[in-house]
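# Architecture at a glance
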Amino acid sequence: MKKFFYFLMAAAAMTLCACNNDDEKSKINTVTINVLIDNEKVSDAVDVTLTSKSSSTSYVATTTGGVATFSVAAGVYEATATLYKESAIYNGANSSVTVTDGGANAFNLDMVKSTTSQVIIKELYFGGCMDNAGEKHFSNDAYVTLYNNSPVEADASNYAFGIVYPANSNTNSNYRKDGELTYTDYLPCWNAVWWFQSGTQVKIPAYSQIVIAIKGAIDNTATYSNSVDLSNADYAMYDPEVFTLAAAYPAPSSKIPSSHYLKTYLYGMGTAWPLSNISPAFVVFSPEGMTAEAFVKTASNIETTGTKAFSCAKVPVSWVMDGVEVYNATALDKSNKRLLGSVDAGYVKFTNKLGYTVYRNVDKDATEALQENSGKLVYNYAGGTADVENGSTDPSGIDAEASIAKGAHIIFKDTNNSTNDFHQRKVASIKK
């Protein structure tokens, strides 16, 4: 009798298992992504990545006849792709791929031409760290590093810096309608922009960098050991006549000459530049035919969606030299793109408060191809965060900082797609 009972239980379990499997299968949907350039399907084979916005699980499919096909469960996804074609880079991003059970589930991915720059964002440190007791968050220590990714000197004298609205990736935007961005040829740079002082020559030698303190241009490690020393920064965003919050803008280190203080103009509101410490969309641009100051002080270049607090400068996409889009790792399902695909088709996931930084990946093939790098490249890079939840690392395996210390010339990845180009680094590169 006992054996018969066990047999019935086993049979029931098998029946239940079979039903569950059938249920799971019924939830898998065929999804097609049409990859287009100028409304025509691409003939090239393109790898399309489809990422779940709830779990961050990614799927990759290669197009056939301009169509990539996936089998996934219902949910909201983001489709991205990068294509190299005739010495040009095309990027596409669609963050509104909503898959429904039994739905048509056919979506378009429009690819737009991107332009790479001689000077790139190598690193952006903005998330801050914990104090020495591990109890409070300190974030008045942000910086950005610009890098000359070429073998000839670069001139960055006319460069300016902005943050695209909204401040955080998971914040509702006045510039998003029906899941799409409402702008196509400009970026709404929120609150204020910064620029180098008129007459200051900002030259960056080949394969070299400059560090710009965004906040706290002092040795912050004197008070917060987990922070960074910005007393040796090359430049500082410091204009106390405009932004008066002393905690964010203490008097810069005497090592930084006053001619290296960047200037700004506030067309929004506040006492400090509202760079997100969670998930900024940060851009570098170079105005054409005018200075950055003249541009932002021209009323017709500023638009307001609501109150003055939401005022943004309409920076033409053609002026943008580089940009990086960061998503809040704790709110990926609510995060949305702010940068257009021509500027940055992807994003890098980030967790703040831990001293992490967003750092660019090495272009392995290009760097190894430089004859002068023979014997100077250091491998087995261990500075990434692939071992933590929502972490990432440099797939090249090259330790850029250690290699530079040995005299190597590094060429960094630059596809205008932050998913490919950046990773979350454990410790800021300037921290010794």
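Residues numbered from 1 in each chain as written. Predicted model: local features only at pLDDT ≥ 70, side-chain atom pairs only at ≥ 80, totals over all residues. Heavy atoms only, no water.

We now examine the overall build of the chain. Counting its regular elements, the chain contains five helices and 29 strands. Taken against the 2.2 N^0.38 rule, which gives 22 Å for 432 residues, the C-alpha radius of gyration of the chain at 24 Å falls within 12% of a compact globule. For the C-alpha atoms alone, the extent of the chain along its principal axes is close to 90 × 50 × 50 Å. Counting across all 432 residues of the chain, residues that qualify as buried make up 51%. In the chain, the share of contacts with a sequence separation of at least 24, taken over all contacts with a separation of at least 6, comes to 73%. For the chain, the computed accessible surface area is about 19,300 Å², with 51% contributed by carbon and sulfur atoms. Taken as two groups, the 33 positive and 43 negative side-chain charges of the chain have centres that lie 5 Å from each other. (Helix = DSSP H or I, 4+ residues; strand = E, 2+ residues; numbered from the N terminus. Rg over C-alpha atoms; globule rule 2.2 N^0.38 Å. Buried < 20%, exposed > 50% of the residue type's maximum accessible area, 1.4 Å probe, protein only. Contact = heavy atoms within 4.5 Å. Areas by Shrake-Rupley, 256 points an atom, 1.4 Å probe, with all protein chains shown as cover. Lys, Arg positive; Asp, Glu negative; His and termini not counted. Charge placed at Lys NZ, Arg CZ, Asp CG, Glu CD.)

With that out of the way, let us pick up the nonpolar core. Grouped together as the largest cluster of nonpolar side chains are 82 residues, with contacts concentrated most on L146, F161, I212, W273 and F282. With five residues, the top contributor of residues to this core is strand 23 (residues 281-285). (Core = buried A, V, L, I, M, F, W, Y, C linked by side-chain atoms within 4.5 Å.)

Turning next to the sheet that holds strand 25 (residues 311-316). With antiparallel pairing, the three strands of this open sheet are ordered in space as 17-25-24. Of all strands in the sheet, those bounded by a partner on one side alone are strand 17 (186-190) and strand 24 (302-304). Averaged over all adjacent pairs, the angle separating strand axes in this sheet is 40°, with direction ignored. With five bridges joining them, strand 17 and strand 25 adopt antiparallel strand pairing. By the bridge assignment, P188 is partnered in strand 25 with K314. (Pairing = 2+ DSSP bridges. Axes fitted to C-alpha atoms, helices over the stretch in contact; angles between N-to-C directions.)

Here strand 3 (residues 47-52) runs beside strand 6 (residues 75-85); their pairing, made up of five bridges, is antiparallel. Paired with V48 across the bridge in strand 6 is A81. Here 10 bridges tie strand 6 to strand 7 (residues 88-99), and the two strands are oriented antiparallel to one another. Opposite A81, over in strand 7, you have G92 as the bridge partner.

To continue, consider the side chain of T82. Among the structural elements, T82 can be located in strand 6. Looking at T82, its side chain comes within polar contact range of the side chain of N417, at 3.2 Å. Residue contacts for T82: discarding those within four places in its chain leaves V46, I89, Y90, N91, M111, T415, N417 and N420. (Polar contact = N/O pair within 3.5 Å; in protein donor to acceptor, adjacent residues only side chain to side chain.)

Tallying each qualifying case throughout the model produces 21 aromatic pairs. Pairing Y125 with Y143 gives two aromatic rings, centres 5.5 Å apart and planes at 15°, and the pair type is stacked. Highlighted residues: Y125 in strand 9 (residues 119-125) and Y143 in strand 12 (residues 143-148), separated in sequence by 18 residues. Overall, Y143 belongs to the buried group, its relative accessible area being 0%. Pairing Y327 with Y347 gives two aromatic rings, centres 3.8 Å apart and planes at 10°, and the pair type is stacked. (Phe/Tyr/Trp six-rings, centres within 6.5 Å; stacked < 30°, edge-to-face > 60°.)

All chains considered together, the criterion is met by 11 salt bridges. With its nearest N and O atoms 2.7 Å apart, the salt bridge here joins D322 to R360. Of this pair, D322 sits in strand 26 (residues 320-328) while R360 sits in strand 28 (residues 357-360), and the two are 38 residues apart along the sequence. One salt bridge connects D421 with R360, and the closest N-O pair in it is separated by 3.8 Å. You can see D421 sitting in helix 5 (residues 418-421) and its partner R360 sitting in strand 28, a full 61 residues away along the chain. Considered together, D421 and R360 belong to a single accessibility category, that of buried residues. Counted as one network, the salt bridges with shared partners bring together D322, R360, D414 and D421. (Salt bridge = Lys/Arg side-chain N within 4 Å of Asp/Glu carboxyl O.)

The 12 strands lie next to each other as 27-26-23-14-18-22-21-20-12-9-28-29, forming an open sheet whose pairing is mixed. In the strand order of this sheet, the two ends are held by strand 27 (348-350) and strand 29 (422-425), each with one partner. On average, each strand axis in the sheet is tilted by 25° relative to the strand beside it, whichever way the strands run. Looking at chain direction, strand 23 and strand 26 are connected through five bridges and run antiparallel. Paired with V284 across the two strands is D322, which belongs to strand 26.

When the pLDDT values of the chain are averaged, the result is 92; 94% of them are 70 or greater. For residues 1-25, every residue scores under 50 in pLDDT, and the model assigns this stretch zero contacts once sequence neighbours within four places are set aside. (pLDDT = per-residue confidence, 0-100.)

So, about unusual backbone geometry. Of note, the amide linkage connecting Y165 to P166 takes the cis form, showing an omega dihedral of -5°. Tracing the backbone through its elements, the reader meets P166 in the loop between strand 14 (160-163) and strand 15 (176-177). Of note, the phi angle at Y207 is positive, near 50°, even though the residue is not glycine. A positive phi angle, close to 75°, is found at K353, a residue other than glycine. In this fold, K353 is placed in the loop between strand 27 and strand 28.

Relative to the assigned elements, K113 resides in strand 8 (residues 106-114). Once the C-alpha coordinates of K113 and N149 are considered, the two residues, 36 residues apart in sequence, prove to be 20 Å apart. Those residues in contact with K113 that lie beyond four places of it in its chain are A88, I89, Y90 and S342.

Counting through the fold element by element, E325 comes out in strand 26. Of the polar contacts made by the side chain of E325, one reaches the backbone nitrogen of L339; its length is 2.8 Å. Those residues in contact with E325 that sit more than four places away from it in its chain are P280, A281, N336, K337, R338, L339, D344, G346, Y347, V348 and S418.

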